[in-house]
Amino acid sequence: MVAYNIVFAGEAGVGKSSLIDLLLDLEVSEASNRVFKGAAERKRAIAIQDRNVYRLWNTPGLDKGTRGHVPQRQAAKILKSLIKELMSGDGVHLVVFCFQFTEVPTNSLRKVYEAALASVHGIQVPVIAAVVRADEIMQISEDWWSGAGADRKQKGMTFAAYACVPTLQDMHYPPMLGRRIRAKEDLWQLIKQHAVPLLPPDFPPKINIILLGQTGVGKSSLVNLIAGQRIADVSPDADVCTKSPTEYRFEAGVHDFRIWDTTGLEEPEGGVNGYTTAISKTLQLIRRLAAAGGVNLLLLCMKGPKVTRATQGNYRLFYEILCEEYVPVGLVITHLEREDDMEEWWGKNKKTLDGYGVRSVGHACVTGLPSCPKKYAPSRAAIYGLLTDCDRFGKYNMPPDIWLKSVGNAMWFEGRRRQRTQKALRRGRGR
């Protein structure tokens, strides 16, 4: 699998968000508009095509005037900053320049083009044109592109290829069966033909991830979601679920992932022996991974739709106590299949997580139920988007002298937590 960064740039109000919706097979709706909000800043969506990961970056319009939500100079700065950030990682693989159909390219369009090209100056990145039809009734002739070529070249506007893309639904006027699916296929074909991955010299980089969470939050289902097939046992009986860390290996994007599913972490009242065993086994795993190159990410699973204090306790135990805040944490919220929009959960609950002191480098709102296909596919894209960012976090190696200190701190932390829980239970009984 290969990961691609595809940057959409161009005029404001041209429909860059609608083009990304088209590629994601989303209907143009109020919900999809809320995702991008007119691209007031850069926004990323994740798509999976032919088992490859495509990061689709939407950027503010580069127009001068009142149509854009962001001033032209600020929009250009946002685009340039994004390109620089991506080039420090795994690169920019394609720029999609978006503009409204026009018989003859205008000077204002040329200036927008120059602003977009300035952001990739000195970088060998292919640029293609996505021409959005201003009038769906009008049929654009096949020779329009070559006919307008002289004017484009005179204004210095050159592209590797182009596609004329309608963004209306099939039932919109004039009704045209298959219009949207053909537009989607044409645009994907163009992207696949011209996006060239820039592979790092140590390809494929190995990423070590520890999967954490209480029993029953759906860690095994998450493993199956990532793999795209059932490779981990999913059981409603907590006693027969993961007893010791289990390794799963995947290729996703340009990465070789090693994901370790750990013993389920019980609530404090679940018994000290089980909790102590979980801590001990996870510490042993951290030491083993340190010998194998280090830990890139702690992936903490929590069960939606409610945020509990158990999430805070597990976060503090592993991030603050065991790994001393050196290993970044990614959050995965599971069991969100009943939500109308899974991503909206994050907006509603982020303040609660902030109040608990839970910070993360990224998140994914998912369902692990293949029986919900309309939400299962976006869930897989969301978790891939989180995982394929791991290479920029670095790796943590636990020094040998930290081992005993970490064990002692963890036991002290667990003892204090159980004391608070027992006090709370006694107060509850006394009422």
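Our structure's up above, just so we're on the same page.
Okay, so let's go over this structure. All of these numbers come straight from a predicted model, not from anything done at the bench.

Remarks on the overall build of the chain
- Secondary structure summary: the chain contains 13 helices and 12 strands in total.
- Taken across its 431 residues, the chain has 51% of its residues classed as buried.
- Within the chain, counting contacts between residues at least 6 apart in sequence, those at least 24 apart form 75% of the total.
- Accessible area for the chain stands at about 21100 Å²; split by element, carbon and sulfur atoms hold 51% of it.

Looking at the packing of helix H1 (residues 16-23) against helix H7 (residues 179-194)
- Their axes nearest at 9 Å, the elements H1 and H7 cross at an angle of 95°. Between H1 and H7, the crossing angle belongs to the class labelled roughly perpendicular. Note on element contacts: H7 touches H1 through Arg180, Ala183, Lys184, Leu187, Trp188 and Ile191, opposite Leu19, Asp21, Leu22 and Leu23.
- In the contact of H1 with H7, the residues fall into 7 nonpolar, no polar and 3 charged.

Here we look at the pattern of salt bridges
- Counted under the stated rule, the structure contains 6 salt bridges.
- Glu114 is the partner of Arg110 in a salt bridge, and the nearest nitrogen-oxygen pair spans 2.8 Å. Placement of the pair is Arg110 and Glu114 together in helix H4 (residues 107-118), with a separation of 4 residues, close to one helical turn.
- Linking Asp354 and Arg359 is a salt bridge whose minimum nitrogen-to-oxygen distance equals 3.7 Å.
- For Arg359, a relative accessible area of 46% translates into the label partly exposed.
- One connected set of salt bridges, linked through shared partners, spans Lys350, Asp354 and Arg359.

A word on the packing of aromatic side chains
- Across all of its chains, the model carries 8 aromatic pairs by this definition.
- Seen in terms of ring centroids, Phe97 and Phe99 are 5.7 Å apart; in terms of plane orientation they differ by 40°. Their pairing is tilted.
- Between Tyr315 and Tyr319 the ring centres are 5.2 Å apart and the planes differ by 35°, which places this aromatic pair in the tilted class. Note that Tyr315 and Tyr319 are positioned in helix H10 (residues 309-322) at a spacing of 4 residues, about one turn of the helix.
- Through a chain of ring-to-ring contacts, the aromatic side chains of Phe97, Phe99, Tyr113 and Phe159 assemble into a single cluster.

Section: the nonpolar core
- Within the largest apolar cluster, 31 residues are counted, with the highest numbers of intra-cluster contacts made by Ile210, Leu298, Leu331, Ile333, Trp345 and Leu353.
- Among the elements of the structure, strand E7 (206-212), helix H9 (272-291), strand E10 (297-303), H10, strand E11 (329-334) and helix H11 (344-355) are those that each provide at least two residues to this core.
- Among the elements that take part in this core, H10 stands out by supplying 6 residues, more than any other.
- With residues up to four places along the chain from it excluded, the contact list for Leu353 reads Met302, Val307, Leu331, Trp345, Trp346, Val358 and Arg359.
- Core analysis: the next-biggest nonpolar cluster, separate from the first, contains 29 residues, Leu211, Ile259, Leu386 and Leu387 among them.

Some thoughts on helix H8 (residues 219-227)
- Within H8, 9 of the 9 residues are buried, which leaves the element mostly enclosed by the surrounding structure.
- Looking only at H8, the buried set comprises Lys219, Ser220, Ser221, Leu222, Val223, Asn224, Leu225, Ile226 and Ala227.
- One or two steps after H8, the chain reaches Gly228, where phi turns positive at roughly 80°.

Overview of H1
- Of all the 8 residues making up H1, 8 are buried; the element is thus mostly covered by neighbouring parts of the structure.
- Residues of H1 that are buried include every one of Lys16, Ser17, Ser18, Leu19, Ile20, Asp21, Leu22 and Leu23, and no others.
- Following H1 by one or two positions, Asp25 has its phi on the positive side, about 65°.

A few points about the side chain of Glu11
- Considering the arrangement of structural elements, one finds Glu11 in the loop between strand E1 (3-10) and H1.
- Glu11 gets classed as buried once you look at its relative accessible area, which sits at 11%.
- In terms of polar contacts, Glu11 uses its side chain to reach the backbone amide nitrogen of Gln100, at 3.1 Å.

Describing the sheet that holds strand E6 (residues 162-165)
- Ordered by their spatial adjacency, 6 strands build an open sheet running E2-E3-E1-E4-E5-E6, and the pairing between neighbours is mixed. Each having just a single partner strand, strand E2 (43-49) and E6 make up the two edges of the open sheet. The sheet shows a mean angle of 25° between the axes of neighbouring strands, direction not considered.
- Looking at chain direction, strand E4 (residues 94-100) and strand E5 (residues 127-132) are connected through 6 bridges and run parallel. Residue pairing for E5: Phe97 is matched across the bridge by Ala129.
- Where helix H12 (residues 373-387) meets the sheet, its contacts fall on E2 and strand E3 (52-58), and the angle it forms with E2 comes to roughly 115°.

So, the pairing of E1
- For E1, the buried fraction is high: 8 of the 8 residues fall into the buried class.
- Of the two faces of E1, the one holding Ala3, Asn5, Val7 and Ala9 and the one holding Tyr4, Ile6, Phe8 and Gly10 are both buried throughout.
- Here E1 pairs with E3 via 6 bridges, running parallel. Looking across to E3, one finds that Asn5 is bridged to Arg55.
- Across 5 bridges, E1 lies against E4 in parallel orientation. If you follow Gly10 over to E4, its bridge partner there is Cys98.

What counts as what
Residues numbered from 1 in each chain as written. Predicted model: local features only at pLDDT ≥ 70, side-chain atom pairs only at ≥ 80, totals over all residues. Heavy atoms only, no water. Helix = DSSP H or I, 4+ residues; strand = E, 2+ residues; numbered from the N terminus. Buried < 20%, exposed > 50% of the residue type's maximum accessible area, 1.4 Å probe, protein only. Contact = heavy atoms within 4.5 Å. Areas by Shrake-Rupley, 256 points an atom, 1.4 Å probe, with all protein chains shown as cover. Axes fitted to C-alpha atoms, helices over the stretch in contact; angles between N-to-C directions. Parallel < 35°, antiparallel > 145°, perpendicular 65-115°, else oblique. Nonpolar A, V, L, I, M, F, W, Y, C, P; charged D, E, K, R; others polar. Salt bridge = Lys/Arg side-chain N within 4 Å of Asp/Glu carboxyl O. Phe/Tyr/Trp six-rings, centres within 6.5 Å; stacked < 30°, edge-to-face > 60°. Core = buried A, V, L, I, M, F, W, Y, C linked by side-chain atoms within 4.5 Å. Polar contact = N/O pair within 3.5 Å; in protein donor to acceptor, adjacent residues only side chain to side chain. Pairing = 2+ DSSP bridges.

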